[in-house]
Amino acid sequence: MSGHTRLVLDAQALAHNYRVLRSKTAPQTAFLGVVKAMAYGSDSLFVARTLAQLGIDYLAVAYVDEGISLRKKGIRIPVMVLNSDTSQFNQLIKNNLEPEIYSFRQLKVLHQELLKTGRTAYPIHLKLDTGMRRLGFQMNEIKQVIEWVSAQKEIKIASVFSHLASTKDVDFTQQQVQEFD
């Protein structure tokens, strides 16, 4: 078979890996499986279905169209969208996809879309910039974000997270963790 590439997806191996990772977290800890980019080039539907059957709490995709595709194929567990364009918020809401929100602009556009639909307590995921310096609310904005979101019945915070910048610089990673805490 030289010259041929073959990918084998093993549901039992995936289940084993999930259970091992799950065993290392507290029972009340939510667990998110990232299936963006076709589950990193494998098969996002296969991985999503397998993880959903195992009881995973959340899935994450990169773009709204990936989330819509999973919804059309029967995936009903919560799906976080990591790169949701404000122009697609109506589609995101229509398909019960949950956006990563990293700016006031996004918050306000989403709020306007939610007002049009009459939806309340719509889950969002706030991204904080603790050192990656790409996207996220700055630490000096957190109080204002909390006050603004708390005053809106249309939006609820489902999670708050950050993105660690380095796997090699342990000191910087610890600094990011402290900043997040």
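(A) Representation of the pattern of salt bridges in the model. Summed over the entire model, instances satisfying the criterion amount to three salt bridges. For Lys 116, the salt bridge identified is with Glu 113, shortest N-O distance 3.1 Å. Pair noted here: Lys 116 and Glu 113 are both in helix α6 (residues 104-117), with a separation of three residues, about one helical turn. When its relative accessible area of 64% is taken as the criterion, Lys 116 is described as exposed. We classify Glu 113 as buried; its relative accessible area is 16%. Salt-bridge contacts for Arg 133 lead to Asp 129; the nearest nitrogen and oxygen are separated by 3.1 Å. The class for Arg 133 is exposed, based on a relative accessible area of 56%. For Asp 129, a relative accessible area of 4% gives the class buried.

(B) Up close: the pairing of strand β6 (residues 155-162). As defined by bridge partners, strand β5 (residues 122-128) adjoins β6 across seven bridges and the pair is classed as parallel. Bridging from a neighbouring strand, Pro 123 pairs with Lys 156 of β6. Since β5 and β6 lie parallel, the crossover through helix α7 (residues 142-150) that links them has a hand, and here it is right-handed.

(C) Representation of the side chain of Ser 84 within the structure. Along the polypeptide, Ser 84 turns up in the loop between β3 (79-81) and α5 (89-94). Ser 84 has contacts with Val 64, Phe 89, Leu 92, Pro 99, Glu 100 and Gln 106, leaving out every residue within four places of it along the chain.

(D) Summary view of the packing of aromatic side chains. What the rule picks out here adds up to two aromatic pairs. Ring geometry for Tyr 18 versus Phe 31: centroids 5.1 Å apart, planes at 85 degrees, classification edge-to-face. Of this pair, Tyr 18 sits in helix α1 (residues 11-23) while Phe 31 sits in the loop between α1 and β1 (32-34), and the two are 13 residues apart along the sequence. A ring pair is formed by Phe 104 and Phe 137, whose centres lie 5.3 Å apart and whose planes are at 80 degrees; its orientation type is edge-to-face. Of this pair, Phe 104 sits in helix α6 while Phe 137 sits in the loop between β5 and α7; the two residues are 33 residues apart in sequence, bridging distant segments of the chain. Phe 137 carries the same exposure label as Phe 104, and that label is buried.

Definitions and cut-offs
Residues numbered from 1 in each chain as written. Predicted model: local features only at pLDDT ≥ 70, side-chain atom pairs only at ≥ 80, totals over all residues. Heavy atoms only, no water. Salt bridge = Lys/Arg side-chain N within 4 Å of Asp/Glu carboxyl O. Helix = DSSP H or I, 4+ residues; strand = E, 2+ residues; numbered from the N terminus. Buried < 20%, exposed > 50% of the residue type's maximum accessible area, 1.4 Å probe, protein only. Pairing = 2+ DSSP bridges. Right-handed = clockwise from strand over helix to strand, strands pointing away. Contact = heavy atoms within 4.5 Å. Phe/Tyr/Trp six-rings, centres within 6.5 Å; stacked < 30°, edge-to-face > 60°.

On their own, these measurements won't tell you what the molecule is for.
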